[in-house]
Amino acid sequence: MEEDLFQLKQLPVVKFRRTGESSRSDEDGISGGHEVHIEGVRTELEPVELGDGAAVPKEFANPTDDTFMVEDAVEAIGFGKFQWKLSVITGLAWASNAMEMMILSILAPQLHCEWRLPSWKVALLTSVVFVGMMSSSTLWGNISDQYGRKTGLKISVLWTLYYGILSGFAPIYSWILVLRGLVGFGIGGVPQSVTLYAEFLPMKARAKCILLIEVFWALGTVFEVLLAVVVMPTLGWRWLLILSALPLLLFAVLCFWLPESARYDVLSGNQEKALATLKRIATENGAPMPLGKLVVSRQEDRGKMRDLFTPHFRWTTLLLWFIWFSNAFSYYGLVLLTTEFFQAGDVCSISSRRQEVKAKCSLTCEYLTEEDYTDLLWTTLSEFPGVLVTLWIIDRIGRKKTMALSFLVFSFCSLLLFLCVGRNVLTVLLFIARAFISGGFQAAYVYTPEVYPTATRALGLGTCSGMARVGALITPFIAQVMLESSVYLTLLVYSGCCLLAALASCFLPIETKGRGLQESSHKEWGQEMVGRGSHSPG
């Protein structure tokens, strides 16, 4: 061993030098007198001079057989111009999604009056959208893992755009019911934009950037309400449906600028395309690419449901499903409860008001007034402070604790509603609850793409989104039907669900704070970011 080390010390050190630099290093002066002769190998090397800014020749670019993974390249390139463009495009998809969801609260009372629909048909018009989203979320995740994130996203956006515009021409109730269900089927694929977005973000910026997508959601809902104020009195609900789909058209055009995820390309064996994508990002950001060969740890099958239930991810998957279910169940439930509470004035007036409502005809309707639109705007604006609070704490206390805290605050505010508080205190409690549950929702959007490996990331996010739609589908029966029987039992259901979700957040086995995205499910979690600096022991 000592002889081998002595011989290694005698090897000359070869370095590239730029034009104008000394042709010999200090180490060359010490060990340059030693020569190693190997039979069949030419030992006389010609010096290679590189001009300023010149790239290392391909045949010399990897003299020590260094390798790097996509995670290393993304971290080396950093956050720059490319990520800013991607943020705006992803935010546009999120705002379009929010507009299609917000239109439900505007369209339902309008059709209730114009077509004289009974209450159960109005409720079904909302539920069918969530049925479409629930049934398609896993499918879009599977498509994104099998055929690429960009492919799945483009198909879902074009699908939503097509049927969203057709909804404006629906002649009768059955037609609009089917068409809005198909719109919901397409909306189920929009969350895959977060998967594509997260895979291009460096570790330090990932949580903040994904959280800021919530700002675009809030902007989308505000824009939809303002659009309704202008369009509904003059052009009617059909034009509102058509105009609300136009942001999707803009996103569909911009989709052609989007590159495919480099992580997906590497995993699917297309290293050349992935390398070209990374070079394009590095050029736009004005950052250098790491030297070496782009590699993937292991080729894997993609988009397999069984991979979500391997021993390493089984508990994570089940707990995340319940967390996403609780998030949507509580978020959309609170939106429905807010309208009910504001119309009654306070919680204690709900029971007496319900008795009066039962005496009325089920076809009695009221068009949305300017005051109703104002309430919708205030409810939406309450999400902005939630984003700011979550943004401030998520990298300080971690993803798991952030979700747990959001659920606990929501549960606490729900319990305080048991008191017969006045209108002002009621507004404060509802807005605090709305702020934290929306922030917790975004924390889940940060955590889920981080915890799953590239092979199942889109599928994992898709199944979680599907469970969220189950919660959204069930919550009208609690926030509207059960509320007629007992307001306190309704509040207890939401509070208890969020307490259980807070416990589920604490029991998640993996904390992703400060970790890179996992490339392979066959490695210990976070191994890509541990021990990458050296290739030998010591």
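Residues numbered from 1 in each chain as written. Predicted model: local features only at pLDDT ≥ 70, side-chain atom pairs only at ≥ 80, totals over all residues. Heavy atoms only, no water.

Named according to an unreviewed UniProt entry, the protein chain is Synaptic vesicle 2-related protein originating from Sinosuthora webbiana. In its Subcellular location (unreviewed entry) section, UniProt records this for the protein chain: "Cytoplasmic vesicle, Secretory vesicle, Synaptic vesicle membrane". (UniProt positions renumbered as here; feature names shortened; annotations may be inferred.)

> What's the story with the environment of Phe 223 in this structure? I'm lost.
Checked against the element boundaries, Phe 223 lands in helix α9 (residues 203-231). Sequence-wise, Phe 223 and Ser 96 are 127 residues apart; in three dimensions their C-alpha atoms are separated by 9.9 Å. (Helix = DSSP H or I, 4+ residues; strand = E, 2+ residues; numbered from the N terminus.)

> Sorry, what's going on with the pattern of salt bridges here?
Charged atoms that come close allow side chains of opposite charge to pair. Considering all chains together, one arrives at six salt bridges under this definition. Arg 280 is the partner of Glu 284 in a salt bridge, and the nearest nitrogen-oxygen pair spans 3.5 Å. Of this pair, Glu 284 and Arg 280 both sit in helix α13 (residues 271-285), four residues apart, which is roughly one turn of the helix. Assessed through its relative accessible area of 29%, Arg 280 is described here as partly exposed. With a shortest N-O distance of 2.7 Å, Asp 395 and Arg 399 are connected by a salt bridge. By relative accessible area, Arg 399 is classed as buried at 2%. (Salt bridge = Lys/Arg side-chain N within 4 Å of Asp/Glu carboxyl O. Buried < 20%, exposed > 50% of the residue type's maximum accessible area, 1.4 Å probe, protein only.)

> Whenever I open this one, the nonpolar core confuses me. Can you help?
Nonpolar side chains in soluble globular proteins tend to be buried together. Counting 125 residues, the largest nonpolar core has Ile 176, Leu 320, Trp 324 and Phe 341 as its most contacted members. For this core, the leading source of residues is helix α4 (residues 81-114), giving 16 residues. Here this core gathers at least three residues from each of two domains, domain 1 (66-295) and domain 2 (304-350 + 368-513). In this view, Ile 176 contacts Leu 107, Leu 111, Trp 115, Leu 125, Ser 167, Ala 170, Trp 237 and Leu 241; residues no more than four positions away in its chain are not counted. Phe 68, Val 70, Val 74 and Ala 262 belong to the second largest nonpolar core, which has nine residues in total. (Core = buried A, V, L, I, M, F, W, Y, C linked by side-chain atoms within 4.5 Å. Domains from an automatic or database assignment. Contact = heavy atoms within 4.5 Å.)

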